[in-house]
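Residues per chain, in single letters:
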Amino acid sequence: MAQPCCGNLLLITDSYKVSHHKQYPPNTHTVYSYFESRGGVYPETVFFGLQYILKKYFVGCVVTKEKIAEAKAVYDAHLGPGIFNEEGWLYIVEKHNGRLPIRIKAIPEGTVVPYKNVLFTVENTDPNCYWLTNYLETILVEVWYPMTVATQSRAFKEVIAKYLSETADNLEGLPFKLHDFGFRGVSSVETAALGAASHLVNFKGTDTIAGIVMARDYYSCPMAGFSIPAAEHSTITVWGRDKEVEAYRNMVTQFPNGMVACVSDSYNIWEACGKMWGEELKALVEDRGKRDVGPLVIRPDSGDPPTTVLKVLNILGEKFGTQMNSKKYKMLPPYIRVIQGDGINYDMVGKILTHMKENGWSADNVAFGSGGSLLQRVNRDTQKCAYKCSYALVDGKNVNVFKEPITDMGKKSKKGRLTLEHDNGQWSTTQEGTGNPDKDQLVVVYENGSLIKDWTFDEVRARAEIELLK
Ligand code: AOY
């Protein structure tokens, strides 16, 4: 069975919204709402993910008599009879062939915008459908998730780039420095797809296949992310504790060419690095260097991450030797690297890289894996995302619509029609329709059932690129 209700947009809303069509003043003709990040953890937001929502839920004939009948049955039983706007929805079927009479203008996906700016606007294009603009809030605000994951992943990228620029020969390795391990740690497959695609806006390493499929199907990207053969604990421990070294030997033998990663903390990470990789299997590992195939990547998976990574580097450095790079930091030989995938969040990356730097190690020796923190430890408040009505046309009069609660001025909303302007590096949202439409960065992405802009993943990535790489 497919996911419940994803086939019926009428059911993808909050219960109370089903009663809102009765609550507007008489002769309301236009309701205009906007979406913004009102603040939050990261001062700049990467806008991403609206196109998925539009393609999946909004494009084409999304209202039918059958869907209306289904929704009416649900809402009559759930809210009581006579609340659901059957007439309004039937009008959309009859007058608009089931296509939504809605216009959405949005900042092009991948654009990096400081918080407190409008990111998209929504309005009805048929005055009879004034009630529709905010019926759609629930699903549209779900863009907070891909947007927030893309934003946080980009912040990871900035901190890793900073340490690479200080301690590495170059930034070439950056796209593969943060690998997505998060598939199992998210609440659903749709979450995995969205979150992983959002991470791939900034990076190219992932184990979350759902994101690759999403970038392919919704953003025309043939292959958005890459991975390598890698061990899990079971494929090592099933050999038995006394055969751990044989399990490792098998890894480098089965995957003789190209990179291979091997989790090495099943019993004793220090012995695995020192005695097994560093002595018994040393010649096999060095041989990868002689043949110039990809490196062996050793993965610790427990312990205090900064301490563990440093100790693993020190042991491997003692056994395999080190070289000084152009910035005077130590590098392991090119055939051996480390990936830390346990306990990785934004703060921990900085802690590990500082500890390495203080001990003379280049950031280029390591990559990171992140799961739950990357894809699931975010919520709508991370960037304080909200959708608010700012303008209405009522009885032929323009109304500036806003809230300004004395109990929390952080929740005050913008007024009137909005434009998002970008002038010599500065972003600003102009309110009350006073902005210069020629400078407006918002573009029509959806109108009356059609997708007007179809951004590619390459375009999204180019816009989101960090300054150090521009
Ligand atoms: N993957 C790099 C390639 C991926 C993974 C996935 C949960 C990889 C591990 C690795 O090297 O070790 C999901 C945990 C690990």
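The structure displayed is predicted, hence computed values, not measured ones. (Residues numbered from 1 in each chain as written. Predicted model: local features only at pLDDT ≥ 70, side-chain atom pairs only at ≥ 80, totals over all residues. Heavy atoms only, no water.)

Side note on the sheet that holds strand E7 (residues 260–263)
Next, step 1: Spatial strand order, E6-E12-E11-E8-E7: five strands in an open sheet with parallel pairing. Both outer strands of the open sheet, strand E6 (178–180) and E7, are each paired with one neighbouring strand and no more. Shown here is a sheet whose adjacent strand axes are inclined to one another by a mean of 30 degrees, direction ignored.
Next, step 2: Sheet topology places strand E8 (residues 296–299) next to strand E11 (residues 336–340); three bridges connect them, and they run parallel. In the sheet register, Leu 296 faces E11, and the bridge partner there is Ile 336.
Next, step 3: Contacts between helix H14 (residues 346–358) and the sheet are confined to E11 and strand E12 (366–370), with E12 contributing the most and set at about 165 degrees to the helix. (Pairing = 2+ DSSP bridges. Helix = DSSP H or I, 4+ residues; strand = E, 2+ residues; numbered from the N terminus. Axes fitted to C-alpha atoms, helices over the stretch in contact; angles between N-to-C directions. Contact = heavy atoms within 4.5 Å.)

As for the packing of helix H7 (residues 189–200) against helix H8 (residues 209–219)
Next, step 1: Remark: H7 packs on H8, axes separated minimally by 7 Å, with the N-to-C direction vectors making an angle of 75 degrees. With respect to each other, H7 and H8 are oriented roughly perpendicular. Side by side, H7 and H8 meet where Val 189, Ala 192, Ala 193, Leu 194, Ala 196, Ala 197 and Leu 200 of the first sit next to Ala 210, Gly 211, Ile 212 and Met 214 of the second.
Next, step 2: Looking at the contact of H7 with H8, its residues break down into 10 nonpolar, one polar and no charged. (Parallel < 35°, antiparallel > 145°, perpendicular 65-115°, else oblique. Nonpolar A, V, L, I, M, F, W, Y, C, P; charged D, E, K, R; others polar.)

Focus: the pattern of salt bridges
Should the charged atoms of two oppositely charged side chains come close, the side chains can pair.
Next, step 1: Counted under the stated rule, the structure contains 23 salt bridges.
Next, step 2: Where Asp 440 meets Lys 105, a salt bridge forms, and the shortest distance between an N and an O atom there is 3.5 Å. Here Asp 440 is found in the loop between strand E16 (426–430) and strand E17 (443–447), whereas its partner Lys 105 is found in strand E3 (residues 102–106), with 335 residues between them in sequence.
Next, step 3: Residue Asp 440 is classed as buried on the basis of its relative accessible area, which comes to 13%.
Next, step 4: In this structure Lys 105 comes out as partly exposed when scored by relative accessible area, which is 25%.
Next, step 5: Between Arg 291 and Asp 287 there is a salt bridge; the shortest N-O distance is 2.8 Å.
Next, step 6: The class of Asp 287 is partly exposed, set by a relative accessible area of 28%.
Next, step 7: A network of salt bridges, in which partner residues are shared, links Arg 103, Glu 123, Arg 417 and Glu 447. (Salt bridge = Lys/Arg side-chain N within 4 Å of Asp/Glu carboxyl O. Buried < 20%, exposed > 50% of the residue type's maximum accessible area, 1.4 Å probe, protein only.)

Re the site of the ligand
Next, step 1: Around the ligand lies a shell formed by His 179, Phe 181, Arg 184, Asp 207, Ser 227, Ile 228, Ala 230, Ala 261, Arg 299 and Ile 339.
Next, step 2: At 2.9 Å, a side-chain N or O of Asp 207 approaches a nitrogen atom of the ligand.
Next, step 3: Here Arg 299 contributes a side-chain N or O atom positioned 3.1 Å from an oxygen atom of the ligand.
Next, step 4: Contact with the protein chains hides 85% of the accessible area of the ligand, taken as 370 Å² for the molecule alone.
Next, step 5: Across the shell around the ligand, the residue classes break down as five nonpolar, two polar and three charged. (Near = heavy atom within 4 Å. Polar contact = N/O pair within 3.5 Å; in protein donor to acceptor, adjacent residues only side chain to side chain. Areas by Shrake-Rupley, 256 points an atom, 1.4 Å probe, with all protein chains shown as cover.)

A few points about H8
Next, step 1: Within the span of H8, buried status applies to Ala 210, Gly 211, Ile 212, Met 214, Ala 215, Tyr 218 and Tyr 219.
Next, step 2: The inward-facing, buried residues of H8 abut helix H1 (50–58), H7 and helix H16 (457–464).
Next, step 3: At the C-terminal side of H8, Ser 220 shows a positive phi close to 50 degrees.

Examining the pairing of strand E5 (residues 118–124)
Next, step 1: For E5, the buried fraction is high: seven of the seven residues fall into the buried class.
Next, step 2: Two strands pair when backbone bridges link them, and strand E1 (residues 28–37) and E5 are joined in this way by five bridges, in the antiparallel orientation. Paired with Glu 36 across the strands is Val 118, a residue of E5.
Next, step 3: Two elements, E3 and E5, share five bridges in a ladder whose sense is antiparallel. Residue Arg 103 lies in a different strand from E5, and its bridge partner there is Glu 123.

Thoughts on the side chain of Arg 154
Next, step 1: Of note, Arg 154 is situated in helix H6 (residues 144–167).
Next, step 2: The exposure class of Arg 154 is buried, given its relative accessible area of 7%.
Next, step 3: Residues within four places of Arg 154 in sequence aside, it is in contact with Glu 44, Val 46, Val 112, Asn 202, Ala 464, Glu 465 and Ile 466.

Thoughts on the domain arrangement of the protein chain
Next, step 1: Its domain assignment divides the protein chain into domain 1 (5–142 + 387–469) and domain 2 (149–375).
Next, step 2: A separation of 40 Å is found between the C-alpha centroids of domain 1 and domain 2.
Next, step 3: Taken together, the two surfaces of domain 1 and domain 2 that pack against each other cover about 2,300 Å², and 65% of this comes from carbon and sulfur.
Next, step 4: Contact with domain 2 buries surface across domain 1, with Tyr 42, Tyr 52 and Phe 457 losing the most and accounting together for 31% of the total.
Next, step 5: In this structure, the connection of domain 1 to domain 2 is made through two salt bridges. (Domains from an automatic or database assignment. Buried area = accessible area lost by both parts, 1.4 Å probe.)

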